[in-house]
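Residues per chain are reported as follows:
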Amino acid sequence: MWLCTCRASGCHRADNPFYAGLMEGRESEARSVSASVIVSASPAEVFDLLRRPERHGEFDGSGTVKSVVNGPEVLEEGSTFTMSMHMGLSYRIRNRVVEFEADRRIAWRHFGKHRWRYELEEVEAGCRVTETFDYSAGPLWFYRRTNIPARNLASIEATLQRLASIFTTAKDGDNSSD
């Protein structure tokens, strides 16, 4: 019997008899993290906010999104937009909209191939917003070693709280003029 010494989760030595049993089921493992919130707004109102890159910093819960550098005012399928970011160091990242269904779903990705997806569903109380960080197209070992899924889940939860508060504040402001 021989052992692989690459130490990578999702070892490339699937043909190794020792690892073959360990590899079973790895492809079916969750390769995304998600959370949801009910927002006091219609799916159209939430979608309108999500598709405006200049507003992304308002609801970003990670603290990394700073401002839009360039791109359209309103995103659509295939749009590209560049954001000014800060995570330890300041940098710019170019994104492309890769999923788009008006008032229902929008997702973008950059060179890293992982996606940030927002899905909207009308519910009695307004709109259920589900944000997903989908890392199924990238190397599992990298995401696990850097603890990105857990960190992004915490950021998603903070983002959804901020998103809900934007619409709660907007509704409260509408009611105060009555």
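Residues numbered from 1 in each chain as written. Predicted model: local features only at pLDDT ≥ 70, side-chain atom pairs only at ≥ 80, totals over all residues. Heavy atoms only, no water.

A. Main features of the overall build of the protein chain. A count of helices and strands for the protein chain gives 5 helices and 7 strands. Across the protein chain, helices and strands are ordered from the amino to the carboxyl terminus as α-β-α-α-β-β-β-β-β-β-α-α. When each of the 178 residues of the protein chain is scored for burial, the buried share is 37%. In the protein chain, the share of contacts with a sequence separation of at least 24, taken over all contacts with a separation of at least 6, comes to 44%. (Helix = DSSP H or I, 4+ residues; strand = E, 2+ residues; numbered from the N terminus. Buried < 20%, exposed > 50% of the residue type's maximum accessible area, 1.4 Å probe, protein only. Contact = heavy atoms within 4.5 Å.)

B. Expanded view of the pattern of salt bridges. Enumeration over the complete set of coordinates arrives at 9 salt bridges. Across the pair Glu73 and Arg52 runs a salt bridge, and its minimum N-O distance is 3.3 Å. Taken together, the residues Glu73 in the loop between strand E2 (65-70) and strand E3 (80-87) and Arg52 in the loop between helix H2 (43-50) and helix H3 (56-59) connect sequence positions 21 residues apart. When salt bridges with common partners are traced through the structure, they connect Glu99, Glu101, Arg105, Arg115, Arg117 and Asp134 into a single cluster. (Salt bridge = Lys/Arg side-chain N within 4 Å of Asp/Glu carboxyl O.)

C. Here's a closer look at H2. Within H2, burial applies to Pro43, Val46, Phe47, Leu49 and Leu50. For H2, the arc enclosing every buried residue in end-on projection is 160 degrees, short of the 170-degree limit, so these residues lie on one face. (Arc of directions from axis to C-beta.)

D. Spotlight on the pairing of E3. Sheet topology places E2 next to E3; 4 bridges connect them, and they run antiparallel. When the bridges of E3 are listed, Val65 appears paired with Met85. Bridge count between E3 and strand E4 (residues 89-101): 8 bridges; the pairing is antiparallel. Looking across to E4, one finds that Phe81 is bridged to Asn95. The turn linking E3 back onto E4 is made up of 1 residue, and Gly88 within it adopts a positive phi angle of 85 degrees. (Pairing = 2+ DSSP bridges.)

E. Structural context of the environment of Ala150. Counting through the fold element by element, Ala150 comes out in helix H5 (residues 148-176). Classification of Ala150 by relative accessible area gives partly exposed; the value is 43%. Here the alpha-carbon distance between Ala150 and Val33, two residues 117 residues apart in the chain, equals 8.0 Å.

F. Focus on the layout of surface pockets. One number sums up the size of the largest pocket: a volume of about 750 Å³. What lines the largest pocket is a set of 28 residues, among which Ser62, Thr64, Met85, Trp116 and Asn152 lie closest to the centre. Residue composition of the lining of the largest pocket, by class: 16 nonpolar, 9 polar and 3 charged. (1 Å grid on protein atoms, 1.4 Å probe; cavity = no way out; pocket = protein on both sides within 12 Å on 5 of 7 lines; lining within 4 Å. Points joined across faces, edges and corners; volume = space filled by probe spheres on them. Nonpolar A, V, L, I, M, F, W, Y, C, P; charged D, E, K, R; others polar.)

G. Region of the structure containing the sheet that holds strand E1 (residues 32-39). Pairing is antiparallel in the open sheet, where 7 strands are placed in the order E1-E7-E6-E5-E4-E3-E2. Pairing within the sheet leaves two strands with one partner each, and these edge strands are E1 and E2. Ignoring strand direction, the axes of neighbouring strands in this sheet form an average angle of 25 degrees. Where E1 and strand E7 (residues 126-134) come together, 8 bridges link them in antiparallel fashion. Bridging across to E7, Ser34 finds its partner in Thr132. Contacting E1, E4, strand E5 (105-109), strand E6 (115-123) and E7, H2 runs over the sheet at an angle of about 160 degrees to E6. (Axes fitted to C-alpha atoms, helices over the stretch in contact; angles between N-to-C directions.)

In short, the description is geometric, and any link to function would need to be established separately.
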